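# Notes for the structure review
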Amino acid sequence: PILNHGYAIVDIKQGKIIKEFSIFNILQDNNFIGLLYGVGEFEYDRIHLNDAEVIHKSDNFFDKGDMVLSSKHLSTVFVYRPRTNKVIWLKTGPWLNQHDIDYLGNGLFSIFGNDTFRYNKDDNYDVFFKTSNNIYLWEPEKNKVNKIFKKIMIDVKTPTQGLHQILENGDLFIEETNKF
């Protein structure tokens, strides 16, 4: 048994589901079976999808309608093209248990890394890998990942939630949901 996270396309005028997508099936269909079965002990909430965002405008890198997805428990983010059932790219880490990924355009992504690991000895809780959350800038074309806003992020500590948005003026907005 597995908690089969996914997302759905909904007709907002009629409130009806048009189509549903299973993250487990997407990864399996695209030969990422090792992420599902090959790392650590198998667990019920293996995927833990915590962000699914549609790309609203085509550019030289991605198509309108592509989906940006974040799997917390796999420490993995990826872009999925529903019309072809293909994962366009996928990256696991260096972020850990990340919560939010945003497409910035021009092939760039920002990722809110909780940078925690799950520890289940006594209770279900997350422990910081280092000392704080991080914002990562991922450039798939260059296979380059950088931490950005490092000085600001030193005091941001939300182990299991959190959102971010890089504003048009370059400022960073953070939702520090459950400060540690």
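Summary of the structure given here. (Residues numbered from 1 in each chain as written. Predicted model: local features only at pLDDT ≥ 70, side-chain atom pairs only at ≥ 80, totals over all residues. Heavy atoms only, no water.)

## Notes on the overall build of the protein chain
What the protein chain contains, in helices and strands, is 3 helices and 14 strands. A compact globule built from 180 residues should have a C-alpha radius of gyration of about 16 Å, and the protein chain, at 16 Å, falls within 12% of that. In the protein chain, the share of contacts with a sequence separation of at least 24, taken over all contacts with a separation of at least 6, comes to 40%. Taken as two groups, the 21 positive and 24 negative side-chain charges of the protein chain have centres that lie 5 Å from each other. (Helix = DSSP H or I, 4+ residues; strand = E, 2+ residues; numbered from the N terminus. Rg over C-alpha atoms; globule rule 2.2 N^0.38 Å. Contact = heavy atoms within 4.5 Å. Lys, Arg positive; Asp, Glu negative; His and termini not counted. Charge placed at Lys NZ, Arg CZ, Asp CG, Glu CD.)

## Some words on the side chain of Asn-114
Its location among the elements puts Asn-114 in the loop between β8 (108-113) and β9 (116-119). Judged by its relative accessible area of 0%, Asn-114 falls in the buried class. Of note is the side chain of Asn-114, whose polar atom sits 2.7 Å from the backbone oxygen of Thr-158. (Buried < 20%, exposed > 50% of the residue type's maximum accessible area, 1.4 Å probe, protein only. Polar contact = N/O pair within 3.5 Å; in protein donor to acceptor, adjacent residues only side chain to side chain.)

## Quick notes on the packing of aromatic side chains
Here the structure, examined in full by the defined rule, presents 9 aromatic pairs. Between the aromatic rings of Phe-21 and Tyr-80, the centroid separation amounts to 6.1 Å while the plane-to-plane angle is 70°, which identifies the pairing as edge-to-face. Here Phe-21 is found in strand β2 (residues 16-22), whereas its partner Tyr-80 is found in strand β5 (residues 76-81), with 59 residues between them in sequence. For Phe-21, a relative accessible area of 10% translates into the label buried. Judged by centre distance (5.5 Å) and plane angle (70°), the ring pair of Phe-62 and Phe-109 falls under edge-to-face. You can see Phe-62 sitting in the loop between β3 (49-54) and β4 (67-71) and its partner Phe-109 sitting in strand β8, a full 47 residues away along the chain. Considered together, Phe-62 and Phe-109 belong to a single accessibility category, that of buried residues. Put simply, the rings of Phe-62, Trp-89, Tyr-103, Phe-109 and Trp-138 touch in pairs and so form one group of aromatic residues. (Phe/Tyr/Trp six-rings, centres within 6.5 Å; stacked < 30°, edge-to-face > 60°.)

## Observations regarding the sheet that holds β8
Spatially, β7-β8-β11-β12 is the arrangement adopted by the 4 strands of the open sheet, whose pairing is antiparallel. Unpaired on one side and paired on the other, β7 (100-105) and β12 (144-148) mark the two borders of the sheet. Each strand of the sheet is rotated relative to its neighbour by a mean of 25°, with strand direction disregarded. Sheet topology note: the β7/β8 ladder contains 5 bridges and is antiparallel. Each residue of the ladder has a partner; that of Asp-100, found in β8, is Phe-112. (Pairing = 2+ DSSP bridges. Axes fitted to C-alpha atoms, helices over the stretch in contact; angles between N-to-C directions.)

## Regarding the pairing of β2
The sheet contact formed by strand β1 (residues 6-11) and β2 spans 6 bridges and is antiparallel. Residue Val-10 lies in a different strand from β2, and its bridge partner there is Ile-17. The antiparallel hairpin formed by β1 and β2 contains 4 residues in its connecting segment, where Gly-15 sits at a positive phi of about 70°.

## Re the nonpolar core
Membership of the largest hydrophobic core comes to 16 residues, with the highest contact counts inside it found for Tyr-7, Ile-23, Ile-26, Ile-47, Leu-69, Phe-78 and Tyr-80. Within the residue set of this core, elements represented by two or more residues are α1 (23-29), α2 (33-37), β4 and β5. Here the element with the most residues in this core is α1; it accounts for 4 residues. Contacts of Ile-23, omitting those with residues within four sequence positions, involve Asn-4, His-5, Gly-6, Tyr-7, Ile-47, Leu-49, Leu-69 and Phe-78. Within the second largest apolar cluster, 13 residues are counted, among which are Phe-62, Val-77, Trp-95 and Trp-138. (Core = buried A, V, L, I, M, F, W, Y, C linked by side-chain atoms within 4.5 Å.)

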